[in-house]
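A look at the structure
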Number of protein chains: 4
Amino acid sequence: MEAISPAELQPILDDIAHDMASATDRGEPAIYIPELGSVDPGQFGIALCLPGGETLQAGDATTPFSIQSISKVFTLAIALGRLGDSLWARVGREPSGLAFNSIVALEHNNGIPRNPFVNPGAIAVTDAILHGLQPRDVLAELLQFLRTAAEDDDIHIDKDVALSELAHAHRNIAMAEFMASHGNLQNPTALTIGTYCHQCAVDMTCVQLARAGRFLAGFANAPRLVSPSRVRRINALMLTCGHYDASGDFAYQVGLPGKSGVGGGILSIAPTRASIAVWSPGLNAQGNSKLGALAMERLAEATGWSVFG
Amino acid sequence: MEAISPAELQPILDDIAHDMASATDRGEPAIYIPELGSVDPGQFGIALCLPGGETLQAGDATTPFSIQSISKVFTLAIALGRLGDSLWARVGREPSGLAFNSIVALEHNNGIPRNPFVNPGAIAVTDAILHGLQPRDVLAELLQFLRTAAEDDDIHIDKDVALSELAHAHRNIAMAEFMASHGNLQNPTALTIGTYCHQCAVDMTCVQLARAGRFLAGFANAPRLVSPSRVRRINALMLTCGHYDASGDFAYQVGLPGKSGVGGGILSIAPTRASIAVWSPGLNAQGNSKLGALAMERLAEATGWSVFG
Amino acid sequence: MEAISPAELQPILDDIAHDMASATDRGEPAIYIPELGSVDPGQFGIALCLPGGETLQAGDATTPFSIQSISKVFTLAIALGRLGDSLWARVGREPSGLAFNSIVALEHNNGIPRNPFVNPGAIAVTDAILHGLQPRDVLAELLQFLRTAAEDDDIHIDKDVALSELAHAHRNIAMAEFMASHGNLQNPTALTIGTYCHQCAVDMTCVQLARAGRFLAGFANAPRLVSPSRVRRINALMLTCGHYDASGDFAYQVGLPGKSGVGGGILSIAPTRASIAVWSPGLNAQGNSKLGALAMERLAEATGWSVFG
Amino acid sequence: MEAISPAELQPILDDIAHDMASATDRGEPAIYIPELGSVDPGQFGIALCLPGGETLQAGDATTPFSIQSISKVFTLAIALGRLGDSLWARVGREPSGLAFNSIVALEHNNGIPRNPFVNPGAIAVTDAILHGLQPRDVLAELLQFLRTAAEDDDIHIDKDVALSELAHAHRNIAMAEFMASHGNLQNPTALTIGTYCHQCAVDMTCVQLARAGRFLAGFANAPRLVSPSRVRRINALMLTCGHYDASGDFAYQVGLPGKSGVGGGILSIAPTRASIAVWSPGLNAQGNSKLGALAMERLAEATGWSVFG
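Within every chain, residues take consecutive numbers counted from 1 along the sequence as written. Written order decides the labels, with chains lettered from A and ligands numbered from 1. Only residues with pLDDT of at least 70 get local features here, since the model is predicted, and only at 80 or more are side-chain atom pairs given and counted; chain-wide, interface and lining totals rely on the full set of residues. Values shown for side chains rest on all heavy atoms present in the structure; no hydrogens or waters enter the calculation.

**Digging into the UniProt feature "binding site: substrate" (unreviewed entry) in chain A**
Residue and element names in this part refer to chain A. Counted only if it meets this: UniProt positions are given in the numbering used here, feature names are shortened, and annotations may be inferred rather than shown by experiment. Under the DSSP-based scheme used, a helix requires at least four consecutive residues in state H or I and a strand at least two consecutive residues in state E, with every element numbered from the N terminus. Only heavy atoms matter for contacts: two residues are in contact if any of them lie within 4.5 Å across the pair. Definition of a polar contact: a pair of N or O atoms within 3.5 Å, with one able to donate and the other able to accept a hydrogen when the atoms are protein atoms, and with sequence-neighbouring residues admitted only if both atoms are side-chain atoms.
Following the UniProt record, one finds the feature "binding site: substrate" (unreviewed entry) at Ser69, Asn119, Glu165, Asn172, Tyr196, Tyr244 and Val262. Relative to the helices and strands, Asn172 resides in helix α8 (residues 170-181). When near neighbours in sequence (up to four residues on either side) are disregarded, Asn172 contacts Asn119, Ile123, Ile193 and Tyr196. Inspection of the secondary structure assignment puts Tyr244 in the loop between α12 (228-241) and α13 (247-253). Among the polar contacts listed, one links the side chain of Tyr244 to the side chain of Ser69, at a separation of 2.8 Å.

**Digging into the interface of chain A and chain C**
In plain terms, the rule: By convention, the term buried area covers the 1.4 Å-probe accessible surface removed from two parts as they join, with the contributions of both added. Note on definitions: salt bridges are taken to be side-chain nitrogens of Lys or Arg within 4 Å of carboxyl oxygens of Asp or Glu. For this classification, the nonpolar set comprises Ala, Val, Leu, Ile, Met, Phe, Trp, Tyr, Cys and Pro, the charged set comprises Asp, Glu, Lys and Arg, and every other residue, Gly included, is treated as polar.
With 15 residues of chain A in contact, the opposing surface of chain C contributes 15 residues. Between chain A and chain C lies a buried interface of about 1,300 Å² when both sides are counted; carbon and sulfur atoms form 64% of it. Across the contact surface, chain A and chain C share two salt bridges. Note that Arg171(A) and Glu107(C) form a salt bridge whose closest N and O atoms lie 3.5 Å from each other. Inspection of the region where chain A meets chain C yields ten residue pairs in polar contact (both at pLDDT 80 or more). For the side of chain A that touches chain C, the secondary-structure elements that each account for two or more residues are α4 (104-108) and α8 of chain A. Residues that form the side of chain A that touches chain C fall into these classes: six nonpolar, six polar and three charged.

**Let's talk about the environment of Leu143(B)**
Residue and element names in this part refer to chain B. We apply this condition: Each residue is placed in one exposure class: buried if its accessible area under a 1.4 Å probe, protein chains only, is under 20% of its type's maximum, exposed if it is over 50%, and partly exposed if it falls in between.
With respect to the secondary-structure elements, Leu143 resides in helix α6 (residues 135-150). Residue Leu143 is classed as buried on the basis of its relative accessible area, which comes to 12%. With 117 residues separating them along the chain, Leu143 and Arg26 place their C-alpha atoms 31 Å apart. Residue contacts for Leu143: discarding those within four places in its chain leaves Ile155, His156, Ile157 and Val202.

**With respect to the sheet that holds strand β2 (residues 55-59) of chain B**
Residue and element names in this part refer to chain B. This is how the line gets drawn: Between any two strands, pairing holds if DSSP finds at least two bridges. Axis geometry follows a simple rule: fit a line to the C-alpha atoms, using only the stretch in contact for helices, then measure angles between N-to-C directions, giving values from 0 to 180 degrees.
Strand order across the open sheet formed by five strands is β2-β1-β8-β7-β6, with antiparallel pairing between neighbours. At either margin of the open sheet sits one strand with a lone partner, and together these are β2 and β6 (258-260). With direction set aside, neighbouring strand axes in the sheet form an average angle of 10°. Alignment of strand β1 (residues 45-49) against β2, held across five bridges, turns out to be antiparallel.

**Comments concerning helix α14 (residues 290-303) of chain C**
Residues and elements named next belong to chain C. How we decide: The span expected for a helix works out to 1.5 Å for each residue beyond the first.
Over its 14 residues, α14 extends 20 Å from the first C-alpha to the last, a length consistent with the 20 Å expected when each residue adds 1.5 Å. Of the residues making up α14, those classed as buried are Leu291, Gly292, Ala293, Ala295, Met296, Leu299, Ala300 and Thr303. Backbone nitrogen of Gly292 and a side-chain oxygen of the N-cap are separated by 3.0 Å at the start of α14; the cap is Ser289. A positive phi of about 75° marks Gly304, the residue just after α14.

**Describing unusual backbone geometry**
All names here are of chain B. Backbone geometry at Asn110 places phi at a positive 55°, although glycine is not the residue there. Its place among the elements puts Asn110 in the loop between α4 (104-108) and α5 (119-130). Relative accessible area serves as the criterion here: at 52%, Asn110 is assigned to the exposed category. For Thr272, which is not glycine, the phi torsion reads 70° and is therefore positive. Residue placement: Thr272 occurs in the loop between β7 (265-270) and β8 (274-279).

Okay, structure coming up:
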């Protein structure tokens, strides 16, 4: 992977943001949660944090958006820190080959979700963190983790989104109850799902998200929240499972670990080079940000960043 | 990823080979092809090629074994060279979430295999190369590719293994015919499967295989067979799909692209650092070399090599 | 189908009951609900109602047992009476090819259960009846239907079983929530599942159950609760779907419509000839009464009763 | 089931044929075999055989059509006569819950087809009959069975259809090879599939087919080809599995055992009352004759014939 100076990178970001601003085929925002469906699809933002401490940005990089499933990266980091490898008794580490909200794999695997980034897997992770605590404690811990990672205290949960999410949580409840039927849920479903819906409703900007991801890029001067060996493993999971059933394609086209959310955000890591956040609300058929994925392809091509050589 | 000198690496390999020699739980050799089932499971070999041109080895590194599905990496490289991205109209790039020989995904995807490394995907790749040629030409091209890559002409097909494979090819024929029913096969099934069975029956040693993999490690002084951008993409596919339904686990535990074969071999790439081949005939439940995977974990831990930081 | 006199039938029943009493391989009672698991597996009962008004019995035919899924026949009759064919917008009429509690089919069919006799289908039927009412009203209506059909007021819900069922209802709740996510549930999940768990917990004896089934046998002097055309259709569903993924086998071996429950009961109908109830708590691998199914085979063979000629 | 005189039945048939002649929504003929796709979809025929020996007809009842999967009923009868219950070690007796040509169930059941009326099941049945014989012998036996059953020697195989079928048999070959991989095929695939494609290509008229079905209706004066107990069991399989994934619906709407073919024919049995054949080439979404199924509903309603009371 090449080292590129901030001065070389800024025009690349500007070019990408410029082109994305005028893209006509932008995908459709997620509509299953009304609050997400009402976001203006014309927006696009990108932000980069570099090992030297610089933060670059272009487009709507300071507009807050709902990070949704990107939160799964942070709750996984917290859960591994709390439980260590015992977490893997409750959730697998394999790509699912199915949609993010498929319940089929749960039945085939006796209530063990395929990985921590499909919905049932993330619910199991949240359930593991919640054990012995109250939802408010877990959410406070997540916010503290995010604020420490981003070195920015202005990170909050959007309660309207959380409540809207909760009101449309039937499928996630179904998955939680299915896991419970196999003994793979430790808390009352309502508590776990309530916590999960709030964790997904964190609002962050691209700048905040890129800064929060620095601990995964191995920067010497970033807050060190997780051991290097665990960082590598979280990155591995993002690469193999971070984009649902389009994870293979993202690895092929972009070549970097990444995690997407239905709010249109993507957090992506170029180890030792950059922590990157992109955002555009319109989704493609696999539920990932259409322009976000395209922007990442453009960035990877322009920089030569890829974990694969 | 750390740079390590050959002098530091050799004792690591020796240690690994020593421990593997005395391992008692070695898995079971593949039995569905009689010739593979009769291999002595007590063997273990490892070889490494470094960017400076050195080749290190330990254990049974010069004993030939059947590369089986590792051949899929090389036929993919050939096919991408011949057809470019048009290949992807016939085969996907996503992990399957299923066993290497599952036909379920084929039905769900209308005859399009999930990726080039599950059996139906590799059959489609071979079929694509075969178009307009004779099986012998395709096999000659594969051998030439391997010999050039390894800079070693002593690489051959074991005809007994090929014929044994052909005699037990019902399931692969089923997949080929299923693809044919969806118009996703261009040659007569017998030709494609005949070619495929022979390509899997190439014999190589760990040393030969590690040398043949150098083109994927981006070494300046290795034969350049594929463009850097394509190298990255082949590595990406190996990482997400190279170990069937244990690909996520290999990425998590080892952190390097790799491709396994039921002969017990694994080819793994540490970009810019090393091309690695390990071999031990006993397989684990997912059909990958049990000691081979363990050896790769040991090597990755000892060297710090990982694409993920 | 042959006409057989009561005097000829009684020794047949006695023989069957005698042989079943000494059977050693009796299957295992359902254990997922503790109250069902504690039933003495040594019991066996059989009862028959004939068109002339006679009720024959043998074995433990007056011991109450939990009818469980047999209740689905009666709630279906009530739902069809209330909603008519509009019910079929919410539930299919096809055998599932899967276990009674599989959620896979629900995902493949967008939240529409395969038929009214798999768990999610029965939950949808109960949900349809419940619409606009309170659970107590629905349960009162069911008990009234059963009492009228059996001409016996001593039919009740076992509240301990109902509560135990509710405490282990995670999988049924999962199915209800999954249907809710597709808009195929009209009431709060807790109400529907609460009603469903109580409906399954009705206690009846073989004699009561055989009498309650007369309306499906088309007897002139039985309470007429459903039109002849609807009777035929309920019988059709019992034949194709009444024994979960062993329905085809029951049709092949016995040749009569039937509905089993995990309490070990089976209600079976020989149209114009007999309404039959058998009971033995031990289940076979498909979740149907092992001795109950065997007894029905014996009875069908001895009487020549079969809808198929 | 009611007894109805021939004089009452003829106007019912005439009415049905009249209405079907003018139906506008007729479905689409099967197109995967070119020869079937070119049949005029405007045709409709119906024929009935009664216990008194009468044969009634209306519409295009003497036009030959390709019986296709209806042949599976007759090969099943032959196989059961030859092998008895040992046949059931190779094929199940349960509805599949899937399309007629789905290979998914084969993988889930380790190469054992769900029932004798889905394609892989019928292929296994043909393979069982073929064991130790030549294809021509098996086909001669089938024709002899049909001619004896129909008391009509003018029943033949359309070789053009057979060859066209063979040229488009990839999916059936895939299923045969998949079964072979599980040891569930006794003959070379080419022989079994060759035989199967020819057996499906038998041409019969509605009159011939209704007459050939009399042995399943239990008529005293029809050729007795199969024991009464086996007749009941074949009828049971037709009812639960005879219309692929619309079997439940046919049982519900018509209430009689039946077997459809993609040529547009349906053979249906009203035990002791009638053997019925209908034909119209256009198919519905489940691959069954659209007007044929509709005609059977009309006939069942008009006559009150139903095995269910």
